[in-house]
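Residues per chain, in single letters:
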Amino acid sequence: MKRTTQEKLQDLERMLRDIGCVVVAYSGGVDSTLLLKVAHDCLGERALAVTAVSPSLPAHERVEAEAIACQIGARLVSIESHEMDDARYRENTPERCYFCKGHICDLLIAYAREEGYQAVVDGANADDVGDHRPGQRAARERGVRSPLQEVGLTKAEVRALARQLGLPNWDKPSAACLASRIPYGTPITVQRLSQVEQAELALRRLGLRQVRVRHHGPVARIEVAPDDFDTVLAHRERIVDALTAQGYAYVALDLAGFRSGSMNEVMPIG
């Protein structure tokens, strides 16, 4: 028999109580926020949010995550991650996320052990399968659990529950680290990450919520939902000025529109 969303929520609550004491890998996205909210409601101080901070995390995402954790009433710890020190990450092969997630998971697991927490849990949901997800493989290899996925909660159900529980980011567009804007094979640098961050910030200031600036050397390829094309074109000169100020020579609007993981559409061979 197909379980309802509420039954899955009850399963999630039971699972978290059974674990007893968790570190939540918390990014401020709707998935990890829902997990933190339910964990905090079930476990109180035995649920701790930990955010990994690095140049690939946009500053505004960190600020929003801190505000929501405060609203929930959960304790939040920020830990500096150092994936940029790993040449395998900087090389930006299709396994980049594996090395990054591995570093972050190692940090969170070590912190959990030092502080006496039983497990590290992340916000992967039942829809987070397929495509190219080496980061999930790194998490599974290290024993990080994904309670939302384990109880079968889909993205739509996560959003519905987040709304039901009064979380302000229930309809927040999916986000990804800034490194995902750089094509495989182009080395990851702090300068490139900052360039993308500032370019996207300029677009968000126009009211665009779902936006990516894909970095192709001198070209900034903008992805927004087709419904937002008119907004982009109406502010064409302002956008061009803002992005050329960040070092781009050319600014292009992708007519295919926003799609998650578009850099995986052209995967290097071999």
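These lines cover the structure that appears in this document, whether it is placed above or below. In this text, all values refer to a predicted model and were calculated from it rather than measured experimentally. (Residues numbered from 1 in each chain as written. Predicted model: local features only at pLDDT ≥ 70, side-chain atom pairs only at ≥ 80, totals over all residues. Heavy atoms only, no water.)

**A closer look at the sheet that holds strand β1 (residues 22-25)**
What counts, and what does not: Strands are treated as partners if at least two bridges between them are detected by DSSP. For the purposes of this entry, the term helix denotes a DSSP run of H or I that reaches at least four residues, the term strand denotes a run of E that reaches at least two, and both are numbered from the N terminus. For helices, the fitted axis covers only the stretch in contact; all axes are lines through C-alpha atoms, and the angles between them, taken along N-to-C directions, range from 0 to 180 degrees. Contacts are assigned to residue pairs that have any heavy atoms within 4.5 Å of one another.
Spatially, β3-β2-β1-β4 is the arrangement adopted by the four strands of the open sheet, whose pairing is parallel. The open sheet is flanked by β3 (75-80) and β4 (119-121), the only strands paired with a single partner. Going across the sheet, the axis of each strand differs from the next one's by a mean of 30°, ignoring polarity. Pairing of β1 with β4 involves three bridges; the strand directions are parallel. Looking across to β4, one finds that Val23 is bridged to Val120. Helix α3 (residues 59-72) contacts β2 (47-53) and β3 of the sheet and is inclined by roughly 155° relative to β3. Strand contacts of helix α5 (residues 96-115): β1, β2, β3 and β4, with the helix running at about 130° to β3, the strand carrying the most contacts.

**Remarks on the nonpolar core**
Applicable threshold: By nonpolar core is meant a set of buried Ala, Val, Leu, Ile, Met, Phe, Trp, Tyr and Cys residues that side-chain atoms within 4.5 Å join together. Burial here depends on accessible area, computed with a 1.4 Å probe over protein chains only, as a share of the maximum for the residue type. Under 20% is buried, over 50% is exposed, and the range in between is partly exposed.
Counting 43 residues, the largest nonpolar core has Val23 and Val50 as the members making the most contacts within it. What Val23 contacts, discounting residues up to four positions off in sequence, is Leu48, Val50, Leu108, Ala112, Tyr117, Ala119, Val120 and Val121. Judged by nonpolar contacts, the second largest core, of 32 residues, contains Ile19, Val38, Ala74 and Leu153.

**Things to note about the sheet that holds strand β6 (residues 219-224)**
The strand order across the open sheet formed by three strands is β5-β6-β7, and the pairing between neighbours is mixed. In this open sheet, the two edge strands, each paired with only one partner strand, are β5 (211-216) and β7 (250-253). Neighbour-to-neighbour, the strand axes of the sheet open up by a mean angle of 25°, direction not taken into account.

**Looking at the pattern of salt bridges**
To be explicit about the condition: Here, a salt bridge means any Lys or Arg side-chain nitrogen found within 4 Å of an Asp or Glu carboxyl oxygen.
Applying the stated criterion to the full structure yields 25 salt bridges. Between Arg145 and Glu150 there is a salt bridge; the shortest N-O distance is 2.8 Å. On the basis of relative accessibility, which here comes to 31%, the residue Arg145 falls in the partly exposed class. Assessed through its relative accessible area of 41%, Glu150 is described here as partly exposed. For the salt bridge of Arg236 with Glu237, the shortest nitrogen-to-oxygen distance reads 4.0 Å. Each of the salt bridges in this network shares a partner with another, and the network as a whole consists of Arg214, Arg221, Glu223, Asp254 and Arg259.

**Overview of unusual backbone geometry**
Excluding glycine, a negative phi dihedral is what most residues carry, and trans is how most peptide bonds are arranged. Although it is not a glycine, Asn92 sits at a positive phi angle of roughly 60°. Along the chain, Asn92 falls in the loop between α4 (87-90) and α5.

**Considerations on the packing of aromatic side chains**
Aromatic rings considered in pairs are described by the distance between their centres and by the relative angle of their planes. In plain terms, the rule: Any two rings among Phe, Tyr and Trp, with Trp reduced to its six-membered ring, count as a pair given centres within 6.5 Å; such a pair is stacked if its planes are under 30 degrees apart, edge-to-face if over 60, and tilted if neither.
Inspection of every chain in the model, using the stated rule, returns one aromatic pair. Summarising the aromatic geometry, the rings of Tyr98 and Phe99 are spaced 5.6 Å apart at their centres and angled 85° between planes, so their arrangement reads as edge-to-face. Just as Tyr98 is buried, Phe99 falls in that class too.

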